[in-house]
Amino acid sequence: MELLEKLCRASGISGFENEVQEIMKKEFSKSCDDVEVDNFGNVIARKGKGKKKIMLAAHSDEIGLMVKHISKEGFLNFVKIGGIDDRILMQQRVIIKTKKGDVTGIIGAKPPHLQKEEEKKKVMKHDELFIDIGAKDSDEAKDMVAVGDPILLEPNFGKLNNNLYFGKAIDNRLGCYALIKIMRQVKVKDATIYAVATAQEEVGLKGARVSAFKIDPDYAIAIDTTIAGDTPYIKENESSLKLGEGPAITITEASGRGVVTHPKIREILVKTAVEKKIPYQVDVLEGGMTDGAIIYITRAGVPTGVVSIPTRYIHGPSSVFCLDDLNNSIKLVVCALPGF
Ligand code: ZN
């Protein structure tokens, strides 16, 4: 749990994944034959020497914010990095990663008492909010932070009831953790396994694109989080995935615009789950994509599958998952790989 918590608390908005890269490099080097960080920020670990190349990918970046402007009163305006719902922002605590160290801030807005009836009804957009770092004016604020500094939602991690855990950046430090564990356990004689902690997924699947081109794999699996539907006000036909009922094997993402899992990969994953008595669920996603979507259209096409961990409140400051699903996703991939 210590490693998982460390990964979730680490700082890594898209393009600024350094802290996560360091953890991945260190952990991969304990069990892999070779580890490199490419000039895009992807951490690529290799194990084995076989002819067949299998790529495993999990993105290391997380959604966050970035300082856009410092007002003359010393407050910060920001842009969103990745898919963030404006409604989660108000009153969040954030950490601004500056050259001089971490600066704490509060996302502020006009209080409800001062809002007109019309204002109360609408969602405050991110460009109507600001970050308060306690600076008295623009000079003091500019001494503390700079335009372009990355901003994290405040790190948090903990346990709820029934083996459910919560934390920041659950999407996709769960995948990063799974990659580390898979590389420790996997034994494949006639293949080379590449595990890639990809950079900049949340802003356009970019790290997966360049690393898949470089590796030129024969097969691939992306490991990510997906949307659980087991909370109030989500209809079963919107998402039937439940926490604790196993990892999800994706059939397609984004109504077919994302990955369409290759039948061979799908068959191997399902057969493995049945044979090894690993619980699993089937995921047909209407919206949302993973690294799988770009890896499978690399070069002449790569048969690709996606294994994901159902997550509540995805892209929120504290998402919730079940530890059993994470452990079962690791087991599923480790057991499935020899069948490729
Ligand atoms: Zn993700």
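Basis of the calculations
- Residues numbered from 1 in each chain as written.
- Predicted model: local features only at pLDDT ≥ 70, side-chain atom pairs only at ≥ 80, totals over all residues.
- Heavy atoms only, no water.
- Phe/Tyr/Trp six-rings, centres within 6.5 Å; stacked < 30°, edge-to-face > 60°.
- Helix = DSSP H or I, 4+ residues; strand = E, 2+ residues; numbered from the N terminus.
- Buried < 20%, exposed > 50% of the residue type's maximum accessible area, 1.4 Å probe, protein only.
- Domains from an automatic or database assignment.
- Contact = heavy atoms within 4.5 Å.
- Buried area = accessible area lost by both parts, 1.4 Å probe.
- Salt bridge = Lys/Arg side-chain N within 4 Å of Asp/Glu carboxyl O.
- Nonpolar A, V, L, I, M, F, W, Y, C, P; charged D, E, K, R; others polar.
- Donors = N, O, S within 2.8 Å, 3.2 Å for Na, K, Ca; no water.
- Tetrahedral: all angles 85-135°; square planar, octahedral: opposite > 155°, others 65-115°.
- Polar contact = N/O pair within 3.5 Å; in protein donor to acceptor, adjacent residues only side chain to side chain.

Asker: Describe the packing of aromatic side chains, listing the residues and the values that go with them.
Answerer: Here the structure, examined in full by the defined rule, presents four aromatic pairs. Relative to Phe-130, the ring of Phe-75 lies with its centre 5.2 Å away and its plane at 70°, an arrangement referred to as edge-to-face. Taken together, the residues Phe-75 in the loop between strand E4 (64-70) and strand E5 (76-81) and Phe-130 in strand E8 (residues 130-132) connect sequence positions 55 residues apart. Since its relative accessible area comes to 27%, Phe-130 is described here as partly exposed. With a centroid separation of 5.7 Å and an interplanar angle of 75°, the aromatic rings of Tyr-219 and Phe-340 are classed as edge-to-face. Of the two residues, Tyr-219 is situated in strand E13 (residues 219-227) and Phe-340 in the segment after helix H9 (323-336); the sequence distance between them amounts to 121 residues. When its relative accessible area of 6% is taken as the criterion, Phe-340 is described as buried.

Asker: An account of the domain arrangement of the chain is needed here, citing residue identities and associated values.
Answerer: Here the domain parsing of the chain yields domain 1 (2-62 + 168-339) and domain 2 (65-153). Each of domain 1 and domain 2 has a C-alpha centre, and these two points are 32 Å apart. The interface of domain 1 with domain 2 comprises 13 residues on the first partner and 13 residues on the second. With both sides pooled, the region where domain 1 packs onto domain 2 buries about 990 Å², and carbon together with sulfur makes up 70% of that total. On the domain 1 side of the contact with domain 2, Ile-13, His-315 and Pro-317 bury the most area, a combined 47% of that side's loss. One can count one salt bridge joining domain 1 with domain 2. For Glu-19, the salt bridge goes to Lys-97, with nearest N and O atoms at 3.1 Å. By residue class, the composition of the side of domain 1 that touches domain 2 is four nonpolar, five polar and four charged.

Asker: Would you mind going over the coordination of the zinc ion in detail, with residue names and values included?
Answerer: A metal bound by six donors in octahedral fashion has ideal angles of 90 or 180 degrees, whereas one bound by four tetrahedral donors has an ideal angle of 109.5 degrees. Summarising the metal site, the zinc ion is bound by the protein donors His-59 (NE2), Asp-171 (OD), Asp-224 (OD) and Asp-224 (OD), whose distances to it range over 2.0 to 2.8 Å. Around the zinc ion, the four donor atoms sit at angles spanning 49 to 133°, and that spread fits a shape best called irregular. Sequence spacing of the donor residues for the zinc ion, all on one chain, is H-x111-D-x52-D. Taken together, the residues span a long stretch of sequence, with Asp-171 in helix H5 (residues 170-185) and Asp-224 in strand E13 at a distance of 53 residues.

Asker: Account for the environment of Glu-62, with residues named and values stated.
Answerer: Examined against the element boundaries, Glu-62 turns out to sit in the loop between strand E3 (52-59) and E4. The class for Glu-62 is buried, based on a relative accessible area of 3%. Residues Glu-62 and Ile-81, spaced 19 residues apart in sequence, show a C-alpha to C-alpha distance of 8.6 Å. With residues up to four places along the chain from it excluded, the contact list for Glu-62 reads Ala-10, Ser-11, Gly-12, Ile-13, Ser-14, Leu-152, Lys-168, Ala-169, Asp-171, Arg-173 and Glu-202. Separated by 2.9 Å, the side chains of Glu-62 and Arg-173 make a polar contact.

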